[in-house]
Amino acid sequence: MTSPSSPRDPRTPSAGVLEARVAEIRKRQKASSKEPRAIAFQLSVPWTCPRTVTVDGEELPVWLCRSVLAFREKLAQSEGAPVPPVLLTNQKREDLGQDVLARLDRSKLHRLDAWDALRDRFGVRDLDPRLTGKGYGWMPERLLAIPPSEIAKPASGFLDLDEAWQLLLSPLGFSTASPDLWSLLEWTTRPEGLAAFMLLPADARDAYARRLASDGASEAVLQLVGAGRGREAVAAGLVCELLFSRNGPEDPERSRATGRFEAALLGRSTLTPGAGRAWAEAAAELTRRRRERDGEAGAPWLKQAGELLAELNVTGLGRHSVWLPAGLDHAAAGFAERLEAWLGKPDAARLAEVKAAGRSVIDHGLVPAPAVQAVEGLLRLVRWLTARKGKAAAGSFAEAASSYVEEGSWVDLARVALADAPLSGSGGSAGGTLGAARDRLLQAVLEKREEENRRFAELLAKWSEIGAAAGPMVPLEAVLDRVAAPLADENPVLLLVLDGMSFAVYRELAEDLAERRGWEEIRPQDEPAERFGVALLPTVTQVSRASLLSGERRTGDASQETQAFAVHPGLRRRSSVNLPPVLFHKKDLTGDSGGLSATVREAVEAESLKIVGVVLNVVDDQLPKGGQLLPRWEVSAIRHLRELLEAAVEAGRLVILTADHGHLLESRTELRRPEAVGAYGARYRSASGAPLQAGEVEARGPRVLLGDGTGLILAWSESHRYTAKQSGYHGGASPQEAVVPLSVWAAAGRIVEGWRPGRVDRPGWWDDEGERLPVAVKTKETARPKVRTEAAPPPQAAQASLFVLDTTPDRWLEDLFASPVYQEQKRRASRQPLADDDVAAVLRALSERGRTLTLAALARQRGTTVMRIQGMVATLQKLLNVEGYPVLELDPTTGSVSLDRGLLKTQFPAEETRP
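Residues numbered from 1 in each chain as written. Predicted model: local features only at pLDDT ≥ 70, side-chain atom pairs only at ≥ 80, totals over all residues. Heavy atoms only, no water.

## Some remarks on the overall build of the protein
The line we're drawing: A run of H or I in DSSP becomes a helix once it reaches four residues, and a run of E becomes a strand once it reaches two; helices and strands are each numbered from the N terminus. Note on classification: 1.4 Å probe, protein chains only; a residue is buried when its accessible area is under 20% of the maximum for its type, exposed when over 50%, partly exposed between these limits. For this analysis, residues touch if any pair of their heavy atoms sits within 4.5 Å. Method for areas: the Shrake-Rupley scheme with a 1.4 Å probe, in which residue coverage is limited to the protein chains shown.
Each helix and strand in the protein was counted, giving 37 helices and 26 strands. A buried classification covers 53% of the 915 residues belonging to the protein. Sequence separation of 24 or more characterises 75% of the internal contacts of the protein that already satisfy a separation of 6 or more. A total accessible area of about 39,800 Å² is found for the protein, and carbon and sulfur atoms account for 50% of it.

## Focus on the sheet that holds strand β2 (residues 52-55)
Our working definition: Any two strands between which DSSP finds at least two bridges are classified as paired. Lines fitted to the C-alpha atoms define the axes, with helices restricted to the stretch that makes contact. Angles between their N-to-C directions range from 0 to 180 degrees.
On the basis of which strands lie adjacent, the open sheet formed by five strands has the order β2-β3-β4-β1-β5 and mixed pairing. A single partner strand is all that each edge strand has here, and the edge strands are β2 and β5 (110-111). Sheet topology places strand β3 (residues 58-65) next to strand β4 (residues 86-89); four bridges connect them, and they run parallel. Bridge pairing links C65 to T89 in β4. Against the sheet, helix α2 (residues 68-77) contacts β1 (39-42), β3 and β4, and its axis sits at roughly 155° relative to β3.

## Quick look at the packing of aromatic side chains
Formally: Within 6.5 Å between ring centres, the rings of Phe, Tyr and Trp (the latter by its six-membered ring) count as paired, and their orientation is classed by plane angle as stacked under 30 degrees, edge-to-face over 60, tilted in between. Charge-over-ring contacts are defined here by two conditions on Lys NZ or Arg CZ: a distance within 6 Å of the ring centre and an angle within 35 degrees of the ring normal.
Under the definition given, this model contains 17 aromatic pairs. Note on F261 and W279: the rings are 5.9 Å apart at their centroids and 65° apart in plane angle, and the pair reads as edge-to-face. Of this pair, F261 sits in helix α13 (residues 252-265) while W279 sits in helix α14 (residues 273-293), placing them 18 residues apart in sequence. Both residues of the pair, F261 and W279, belong to the buried class. Their ring planes at 55° and their centres at 5.3 Å tell us that F817 and Y822 sit as a pair that is tilted. Like Y822, F817 is buried. Taken together through their ring pairs, the aromatic side chains of Y136, W138, W165 and Y208 make up a single cluster. Of note, K74 hangs over the ring of W63, and the distance from its end group to the ring centre comes to 5.1 Å.

## Digging into the sheet that holds strand β18 (residues 696-699)
In space, the three strands of this open sheet follow the order β17-β19-β18, with antiparallel pairing throughout. The open sheet has two edge strands, β17 (684-686) and β18, and neither has a second partner. In this sheet, neighbouring strand axes are inclined to one another by 30° on average, regardless of whether the strands run parallel or antiparallel. Inspection of the sheet shows β18 paired to strand β19 (residues 712-715) by four bridges, in the antiparallel sense. Of the residues in β19, the one forming a bridge with E698 is I713.

## Notes on the nonpolar core
Note the following rule: Take the buried residues of types Ala, Val, Leu, Ile, Met, Phe, Trp, Tyr and Cys, join any two whose side-chain atoms come within 4.5 Å, and each joined set is a nonpolar core.
Within the largest apolar cluster, 132 residues are counted, with the highest numbers of intra-cluster contacts made by W165, Y208, F261, W279 and L441. With near-sequence residues (within four places) excluded, L441 lies in contact with L339, W342, L343, L378, L381, V382 and L385. Membership of the second largest hydrophobic core comes to 96 residues, among which are M473, V614, L657 and A746.

## Some thoughts on helix α10 (residues 202-212)
What counts here: It is the directions from the helix axis to the C-beta atoms that the arc portrays.
Looking only at α10, the buried set comprises A204, A207, Y208 and L212. All buried residues of α10 fall inside an arc of 135° around its axis, so they share one side. Looking at the buried residues of α10, the elements they touch are α6 (139-144), α7 (161-169), α8 (181-187), α9 (191-198) and α11 (216-226).

## Description of helix α17 (residues 348-362)
Stated formally: Take the residue count of a helix, subtract one, and multiply by 1.5 Å to get its expected span.
With 15 residues, α17 extends 21 Å between its outermost C-alpha atoms, agreeing within 8% with the 21 Å of an ideal straight helix rising 1.5 Å per residue. Every buried residue of α17 is listed here: L351, V354, A357, G358, R359, V361 and I362.

## Topic: the pattern of salt bridges
Cut-off, in case you're wondering: Put simply, a salt bridge is a Lys or Arg side-chain nitrogen that is within 4 Å of an Asp or Glu carboxyl oxygen.
Considering all chains together, one arrives at 51 salt bridges under this definition. Residues R388 and E452 are paired through a salt bridge, measuring 2.9 Å at the closest nitrogen-oxygen approach. With R388 in helix α18 (residues 369-388) and E452 in helix α20 (residues 430-464), the pair connects residues that are 64 residues apart, well separated along the chain. Notably, a salt bridge pairs R683 with E737, separated by 2.8 Å at the nearest N-O pair. Note that R683 is positioned in the loop between α29 (674-677) and β17 and E737 in helix α30 (residues 735-738), a separation of 54 residues in sequence.

## Some words on unusual backbone geometry
Note the cis peptide between L537 and P538, where omega equals -5°. Looking at the secondary structure, you find P538 in the loop between β11 (532-534) and α23 (541-550). If you check the backbone angles, H640 has positive phi at about 75° while not being a glycine. Its location among the elements puts H640 in the loop between β13 (611-616) and α28 (641-651). Using a relative accessible area of 7% as the deciding quantity, one classes H640 as buried. Positive phi values are uncommon outside glycine, yet R668 reaches one of about 55°.

## Things to note about the pairing of β4
The criterion, for reference: When the strands point away from the viewer, a crossover counts as right-handed if the route from the first strand across the helix to the second turns clockwise.
Alternating residues of β4 divide into V86 and L88 and L87 and T89, and every residue in both groups is buried. Sheet analysis places β1 next to β4, joined by four bridges and oriented parallel. The partner of I39 across the bridge, within β4, is V86. This β-α-β element, β3 to α2 to β4, shows right-handed connectivity.

## Notes on the side chain of R523
Using the following cut-off: Under this definition, polar contacts are N or O atom pairs within 3.5 Å; protein pairs additionally need one hydrogen-donor-capable and one acceptor-capable atom, and for neighbouring residues in sequence, both atoms have to be side-chain atoms.
Among the structural elements, R523 can be located in strand β10 (residues 519-524). Given the relative accessible area of 5%, R523 is considered buried. Within the structure, the side chain of R523 is placed 3.1 Å from the side chain of E521, a separation counted as a polar contact. Non-local contacts of R523, meaning those with residues more than four positions away in its chain, are made with P528, A529, E530, G754, W755, R756, G758, R759 and V760.

This is the structure we're talking about:
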């Protein structure tokens, strides 16, 4: 017998083959009641494997018999042994004699064939012809080494090549027999998988590589793995983004770096530009997904990418990367530079440069969501300044107030978000540079707004002497008569007064109500414009709230408001004699457990109580405190609001949402000394004090309710205050303080006679290129008969969805999800499938917008980056573009995503024809 240390003849069956064959024979023998016989195999080549074989705990001796005499001798020695021997011989069957054959299993010499062993182990009759072809001689041994407990025998009785590869690749960490480039790249991040691959015999490793190399990029990744640098595969892909990008810098050094990349990492193999871009895209997608789960994930890859650039002696290329910190610093610095240039000379060419530079920052993979929103805010204000250029001043107070509602309130929303927003996520110096540009832009916006504030205050002072209003503008003292009482004719009503809520706060709150809380704003059929209220002067609680809740111009406190609300003539006429209108203030709201008091909840839930009012002081209470107000105005952030809305749903109430006045946030205001101006409050003073100064307006008339009869002087400039520094101020004549929200809300799906769903369009400059995206997807704006329906509960599932959109299934979407083709596509995409709600949201958004939307529009709906949305679209394309047919197309030039509904229906036929 050849010594174990000698090289094995490649034709010699392995110990695994022998073990598999013996195991199947012993299994059969044990099932028989007969005494087991010796197991003999004909072997034509030297045996170099162990002298025993162990199967199912039994150790069987293995004897090599080179002659008939040796065969007979070993057979005799085994008589009476507890287990049969395994005899290997090069003798022919006819040479052994019938007496010897009769003592052998099945009276024959078995064949020691690897493929036969494989058939036995897998319990199949046939093998895929591709398996037994050239190049797979190593495969049976690898398959036979798999523990039988881990093998699911094919029910078809046929072992397919893909099934075999699935079994072989699974121990390496692959979940499919044909991994794509993304899966291969993700596999390289697992050291145990790389180690298992490198331990494969050379011939098997080459075959594995051929199987995994589905394209040029995969082949390059495997070359990197074979060179022992597999853990750098993702980083190398990020470097490919710089070397092979179509939009890469025109730099001769890039071509030289590409050659060095191929020589150093790929053994001088050539990487085509297409393969390089595919590698880059897969690396970017993997990095993006990891960072979405964990913001710190991927840091080692970024570090390795930087080291690779240094190894290739092209560190400077890093400034063009959409993933490396140097790229973010460079993009932020470039944006700051172009923003400064535009502020110096705001022409069209520089505006285009600002937009492009801002998009470079937004699209960077490392930019955090707050910084994305900050850059978006800067671009919005740039577009607003551009849109305002050359526009005439307002000609009336109604025009000035409407302009603030339609545009100015959105400007304030952007300004508030920008005040302390982070502008760089790289930790470099670009954040400071961009911060200086941000401050200069905000100053330019302030100067423009101060012009508008002055005009607004002048018109407000004149209008206050008359106080007449119509259309969408409603004086606060008329809200009960013009809005609450008529609405209560047919519906129970909840009047919610958020004391001090500005329009900027309302914009955020309304978005939360419409997109995540299951509420819908409604408007009278004959009033298409957004309603708003106008506070009395000065814009303080004791004046404006008392007038709002009593329905007449007056001053008062909470107790006086409660009494006046209960006896208001218009409200009383709509109420039961025994159940007059009821108003709750701060002291009434909190119960013993800290939640909404039972008294308030029961009142709101009682359908027989037609009109309930509640005052929430969450905004006004924070103004005197130090620090900033709430970072995000949502239902969950306002104490008791969620419980009040839930109770309103129970009673089928419509909700009127308004405020008594707005406020200005503290932003480098100047203190006017009280002794010099005779101040009454933070933003107003007596007209009998010091003469009128810059930034002030004098007001008198029936809507000016404080003072000594000579009128009041109100600050309209945002830089003025007359009291100690606070978080914010009110009492003055700026539109932020004097114009307040006034809206009616119904639970989504509720139909109210004479009312239609409202649609709040953001101004054209809010979204890039003038795209107008509604705050929420609305239903048809047509008159419908009054029907009382139960409101749908808040769509909790939508909160976890990538897109916060209406997910009510449509017939064509139901057909899609029922299609067997779609289900098969989902199964193949099981690595990271998209939820049906997310798929529906995107497809419906595209269908409702002419079947085309830009990536930027989709990103803004989520409040994330274009790069991240691009990754989702790529996943959707893999799901929907069966066999390459373009159901969903992305135009790389325009960044537009298009949906072909007809092709979608063709490619994904429903399981059955619907009636």
